[in-house]
Amino acid sequence: MQIITSPSEMQREAIRWRGKGKKIALVPTMGALHVGHLSLIKRVRASADVVVMSIYVNPTQFGPKEDFSRYPRPRARDLQLARDAGVDCVFAPRELYREDHSTFVEETELSQGRCGPFRPGHFRGVATVVLKLFNLVQPQVAVFGQKDAQQCDVIERMVRDLNVPVKIVRAPLLRDKNGLALSSRNAYLSPEEYQVALELPKALKRAVDRKKLSPKVRRQLAWNELQEKKDLKVEYVEFCPPFLCAAVRVGKTRLIDNVRLGQ
Ligand code: PAF
């Protein structure tokens, strides 16, 4: 497995692959890999000649009071997992922004609800770094997890609006054995907090099961249930057809989740 840390070298290599007619798939990550990330690799492995995984904790998508500095960075373990999962190249730049970086990509509609008001500037940071990664890695296809449903929406809209020649693949959200959506941030949870966090998928699952009720009522019921839980702070429960999306805080950890509401 190739490991590239220099952005210019990454771009040169990608252009070389393209010149040889290779199909490049990009799996963008911030590292701290878990089974969810490995499923993203599986999703594109068979259809691509070169699978590139980027590992970069992107500072522009973190707010000043967020967890940028404490975000887990288990680099050696990540590299081993990527190698074992069949990644051809890890792109792990030390820095992607110059000191006087002053250009950003902003999606102005789909980024507004759900996480938008709670994480000002977050989706601008995501859209900017994703476009930079596309320019450096030159993929024909890139895969993102449905766990970050709003991120997928924003990236798909950016690609459409700016005519970016990359096919976006959404990979299904994966859960642990107790139903918690897999996330690198789950590692922050103490055993007690983990038990509290399970209330989020349980409330969403109950909303899925209440098939006879309208999405509006199911949203309200999920909101009410979560509001009643001690040690859990609800940020939002929103129905974005066909998904019921929610974010909560458990201690210092922010968790998001979503389920598809069947009729
Ligand atoms: O989903 C993530 O891990 C990040 O938001 C991404 C897409 C790698 C951009 O930094």
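See above for the structure.
Everything quoted here is computed from the prediction, not taken from an experiment.

Asker: For the overall build of the protein chain, give the residues involved together with the corresponding values.
Answerer: Scanning the protein chain for helices and strands turns up eight helices and nine strands. The C-alpha atoms of the protein chain give a radius of gyration of 19 Å, which matches the 18 Å a tight globule of 263 residues would have. For the protein chain, the C-alpha atoms occupy an extent of roughly 55 × 40 × 35 Å along the three principal directions. Counting only carbon and sulfur atoms, one obtains 52% of the accessible surface of the protein chain, whose full area is about 13,100 Å². Charge separation in the protein chain, taken as the distance between the mean sites of 45 positive and 29 negative side-chain charges, equals 3 Å.

Asker: Can you explain the sheet that holds strand 7 (residues 233-240)? Please cite residues and give values.
Answerer: Ordered by their spatial adjacency, three strands build an open sheet running 7-8-9, and the pairing between neighbours is antiparallel. Every interior strand has two partners, whereas the edge strands, strand 7 and strand 9 (253-260), have only one. Within the sheet, the average angular offset between the axes of one strand and its neighbour, ignoring direction, is 15°. Judged from the eight bridges that link them, strand 8 (residues 243-250) and strand 9 form a sheet pairing that is antiparallel. Within strand 9, the position partnered with Cys245 by the bridge is Asn258. Against the sheet, helix 8 (residues 215-227) contacts strand 7 and strand 8, and its axis sits at roughly 170° relative to strand 7.

Asker: Break down the pattern of salt bridges for me, citing the residues and quoting the values.
Answerer: Counted by the stated rule, this structure contains 18 salt bridges. With a closest N to O distance of 2.8 Å, Arg185 and Asp67 form a salt bridge. Of the two residues, Arg185 sits in the loop between strand 6 (167-171) and helix 6 (191-197) while Asp67 sits in the loop between strand 3 (50-55) and helix 3 (75-84), which places them 118 residues apart along the sequence. Measuring nitrogen to oxygen at the nearest pair gives 2.9 Å for the salt bridge that ties Asp209 to Lys205.

Asker: I'd like a description of the pairing of strand 7, backed by residues and values.
Answerer: Bridging between strand 7 and strand 8 involves seven bridges; their strand directions are antiparallel. Bridging across to strand 8, Tyr236 finds its partner in Ala247.

Asker: Residues and numbers for helix 2 (residues 35-45), please.
Answerer: For helix 2, the complete set of buried residues consists of Gly36, His37, Ser39, Leu40, Ile41 and Val44. Where helix 2 is buried, its residues touch strand 2 (24-29), strand 3, strand 5 (141-145) and strand 6.

Asker: Got a sec to walk through the nonpolar core? Specific residues and values, please.
Answerer: Met10, Val52, Phe91 and Phe134 are the most contacted members of the largest nonpolar core, which has 32 residues in total. Looking at this core, the elements that each hand over two or more residues are helix 1 (7-19), strand 2, strand 3, strand 4 (89-91), helix 4 (122-137), strand 5 and helix 5 (149-161). The greatest single-element share of this core, amounting to nine residues, is contributed by helix 4. Excluding residues that lie within four positions of it along the chain, Phe134 makes contacts with Leu26, Pro139, Ala142, Phe144, Met158, Val159, Val164, Val166 and Ile168. Counting residues in hydrophobic clusters, the runner-up holds 23 residues, among them Tyr194, Ala197, Ala222 and Val234.

Asker: I'd like a rundown of the side chain of Thr128, residues and numbers included.
Answerer: Relative to the helices and strands, Thr128 resides in helix 4. Within the local environment of Thr128, its side chain forms a polar contact with the backbone oxygen of Arg124, the two atoms lying 2.6 Å apart. Excluding its chain neighbours within four sequence positions, the residues that come into contact with Thr128 are Tyr97, His101, Thr103, Phe104 and Val105.

Analysis parameters
Residues numbered from 1 in each chain as written. Predicted model: local features only at pLDDT ≥ 70, side-chain atom pairs only at ≥ 80, totals over all residues. Heavy atoms only, no water. Helix = DSSP H or I, 4+ residues; strand = E, 2+ residues; numbered from the N terminus. Rg over C-alpha atoms; globule rule 2.2 N^0.38 Å. Areas by Shrake-Rupley, 256 points an atom, 1.4 Å probe, with all protein chains shown as cover. Lys, Arg positive; Asp, Glu negative; His and termini not counted. Charge placed at Lys NZ, Arg CZ, Asp CG, Glu CD. Pairing = 2+ DSSP bridges. Axes fitted to C-alpha atoms, helices over the stretch in contact; angles between N-to-C directions. Contact = heavy atoms within 4.5 Å. Salt bridge = Lys/Arg side-chain N within 4 Å of Asp/Glu carboxyl O. Buried < 20%, exposed > 50% of the residue type's maximum accessible area, 1.4 Å probe, protein only. Core = buried A, V, L, I, M, F, W, Y, C linked by side-chain atoms within 4.5 Å. Polar contact = N/O pair within 3.5 Å; in protein donor to acceptor, adjacent residues only side chain to side chain.

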